[in-house]
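In case you want the letters, here they are:
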Amino acid sequence: FGANQVIQKYGAGNEENRKRFAALAFYLFGILFVICTILGAILGFAISPVVAMGLFGTPFVVLWWWGRYLIRAGLDAKREAKMLFAASISNSVLQFGFLTFTDYEDALIYGDFGALVLGGLVTFIAVPHTIGLRMRELPHILRTQFPPGFLKESLRFASPIWIAGQIYTAAASAQQLWIRG
């Protein structure tokens, strides 16, 4: 909610803006990775390793979705389909593997976790390609300059959409609690 719309608005038809959003996605991944790894380590020991895996997988999911939005903004349906296929098949294969070859109680969760990480890693390959670069040029993407006001204008556009999405999600969650209650 919000990220897709802002990437579509400013990135469709503008490769330089897609490059800026790609840099922003990779920066966001790095920040989330550090925060979620630290929190995951703490909560993993305090509560459960499954909680740690959920936190550790979060940056990979965020990167995957941003990557999908960037690919969509570039009207690259074939690459988006490959990205979706990779995420879907990795989830199925990993869950099948954990269920079939292990006796782990949380085998489905481990399969999901592996698929989250693989999906994020696929994004590291897919996003540079969608803006005409190779993965080895990731440092070039990270050096992308942001013009004055670009981030502020993007946030101004995305904020109401993001807030509306959060309200919708909270209402849907409350409705599910009421129905199941």
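By convention here, each chain's residues receive numbers from 1 onward along its written sequence. Since the coordinates come from a predicted model, pLDDT governs what is reported: local features require at least 70, and pairs of side-chain atoms require 80 or more to be given and counted, while whole-chain, interface and lining totals use all residues. The side-chain values count all of the structure's non-hydrogen atoms but skip hydrogen atoms and water molecules.

Caption draft 1: Layout of the side chain of Lys 19. Helix numbers and strand numbers start at the N terminus; a helix is a DSSP run of H or I with at least 4 residues, a strand a run of E with at least 2. Position of Lys 19 relative to the elements: it lies in helix 2 (residues 15–46). Although Lys 19 is buried, it makes no salt bridge; Glu 16 carries the closest opposite charge, 4.6 Å away. If near-sequence neighbours (up to four positions away) are discounted, Lys 19 is found in contact with Ile 131, Leu 133, His 140, Ile 141 and Thr 144. Working definition: with a 1.4 Å probe on protein chains only, accessible area under 20% of the residue-type maximum means buried, over 50% means exposed, and in between means partly exposed. Charge assignment in this entry is limited to Lys and Arg as positive and Asp and Glu as negative, and neither His nor the chain termini are counted. Here, a salt bridge means any side-chain nitrogen of Lys or Arg that lies within 4 Å of a carboxyl oxygen of Asp or Glu. A contact between two residues is defined here by any heavy atoms of the two lying within 4.5 Å.

Caption draft 2: Fine view of a nonpolar patch on the surface. Surface patches are defined over residues having more than 30% relative accessible area and no salt bridge, joining like charges when they lie within 9 Å and nonpolar side chains (Val, Leu, Ile, Met, Phe, Trp, Tyr) when within 5 Å. The Shrake-Rupley method, run with a 1.4 Å probe sphere, supplies the accessible areas, and residue values consider only the shown protein chains as cover. A cluster of nonpolar side chains, namely Ile 31, Ile 35 and Leu 39, defines an oily patch on the protein surface of about 260 Å² accessible area. Structurally, Leu 39 can be placed in helix 2.

Caption draft 3: Structural view of helix 2. Helix span is expected to be 1.5 Å times the residue number reduced by one. Over its 32 residues, helix 2 runs 45 Å from end to end, which matches the ideal 46 Å to within 8%, given 1.5 Å per residue. Each polar contact in these results corresponds to two N or O atoms within 3.5 Å; when the atoms are within protein, one needs to be able to donate a hydrogen and the other to accept it, and residues that are neighboring in sequence are counted only if both atoms are side-chain atoms. Where helix 2 begins, the side chain of Asn 14 points an oxygen toward the backbone nitrogen of Glu 16, at a separation of 3.1 Å.

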